[in-house]
Amino acid sequence: MNDTRNEIIRIGSELIRSVGYNAFSYADIAKVLNIKNAAIHYYFPTKSDLGEEIIKRNIDAFNELISRWKTLSYKQQYYNYIHMHDSFINNHWVCIVGALAPSFDTLPENMQQKLSILINIILDWLTNLLDVGLKSNDFSFAEQPKIKALMIHSTLLSALQITKVLRDNTVYQNIQEGLLKI
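Here the structure is a predicted model, which means the values were calculated and not measured.

**Digging into empty space enclosed by the protein**
Argument step 1. For the coordinates displayed, the defined rule picks out 1 cavity of 30 Å³ or more.
Argument step 2. Taken as a whole, the largest cavity holds about 50 Å³ of empty space.
Argument step 3. As for the largest cavity, its lining consists of Tyr81, Met84, His85, Cys95, His153, Leu156, Leu157 and Leu160.
Argument step 4. A total of 4 residues in the lining of the largest cavity trace back to one element, the largest contributor, which is helix α8 (residues 145-166).

Here it is, written out as structure tokens:
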């Protein structure tokens, strides 16, 4: 795949995670890459095309991760999930879901659809992991697995956002520790 295209996607993804989808333009990407806006439009005619590709890449990356985790114990898979975004903390980023969900109603329809797919993939996987882990006595919690998955995922999303605002990495780390007591 073309290096310029990949760099556009990488920079766009970083901008979404750091300032949000509605706060950047192709000019911001062009400046970083020292290219003209027209070069970005060549690969992504509209900003929503770029946004959709970024979400698609996140779907692919998550599916690849969980595929690699399949042979691990339920507890190790859960641990990996809880620590999946550790690298974001020092950059003061949020995950793609946390970055896009607050502005969901302002996103173009193609991005709304892809974001819904991503969230459902994550929640379905997490619900299933919690369900089988509960049945095998690897996990212990009172809620239904779907409710617990929603609680865990939303807690991680908000933990990244609070950590970004407070610039205090211990917030995220402490929340992670609490979530691991399952």
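**Some details on the nonpolar core**
Argument step 1. Of all hydrophobic cores here, the largest spans 53 residues; its most connected members are Ile29, Tyr78, Tyr81 and Ile152.
Argument step 2. Counting residues per element, the ones that place at least two in this core are α1 (3-18), α2 (26-33), α4 (47-69), α5 (74-82), α6 (96-100), α7 (109-135), α8 and α9 (169-180).
Argument step 3. In terms of residue count, α7 provides more of this core than any other element does, 9 residues in total.

**So, the packing of α5 against α9**
Argument step 1. Where α5 meets α9, the closest approach of the two axes is 10 Å, and the angle between their N-to-C directions is 160 degrees. Overall, the two elements α5 and α9 adopt an arrangement that is roughly antiparallel. Crossing hand, α5 versus α9: right-handed. Residues Tyr78, Tyr79 and Ile82 of α5 form the contact with α9, whose own contacting residues are Tyr172, Gln176, Leu179 and Leu180.
Argument step 2. Of the residues that constitute the contact of α5 with α9, the class distribution is 6 nonpolar, 1 polar and no charged.

Basis of the calculations
- Residues numbered from 1 in each chain as written.
- Predicted model: local features only at pLDDT ≥ 70, side-chain atom pairs only at ≥ 80, totals over all residues.
- Heavy atoms only, no water.
- 1 Å grid on protein atoms, 1.4 Å probe; cavity = no way out; pocket = protein on both sides within 12 Å on 5 of 7 lines; lining within 4 Å.
- Points joined across faces, edges and corners; volume = space filled by probe spheres on them.
- Helix = DSSP H or I, 4+ residues; strand = E, 2+ residues; numbered from the N terminus.
- Core = buried A, V, L, I, M, F, W, Y, C linked by side-chain atoms within 4.5 Å.
- Buried < 20%, exposed > 50% of the residue type's maximum accessible area, 1.4 Å probe, protein only.
- Axes fitted to C-alpha atoms, helices over the stretch in contact; angles between N-to-C directions.
- Parallel < 35°, antiparallel > 145°, perpendicular 65-115°, else oblique.
- Left-handed = near helix turned anticlockwise from the far one by under 90°.
- Contact = heavy atoms within 4.5 Å.
- Nonpolar A, V, L, I, M, F, W, Y, C, P; charged D, E, K, R; others polar.

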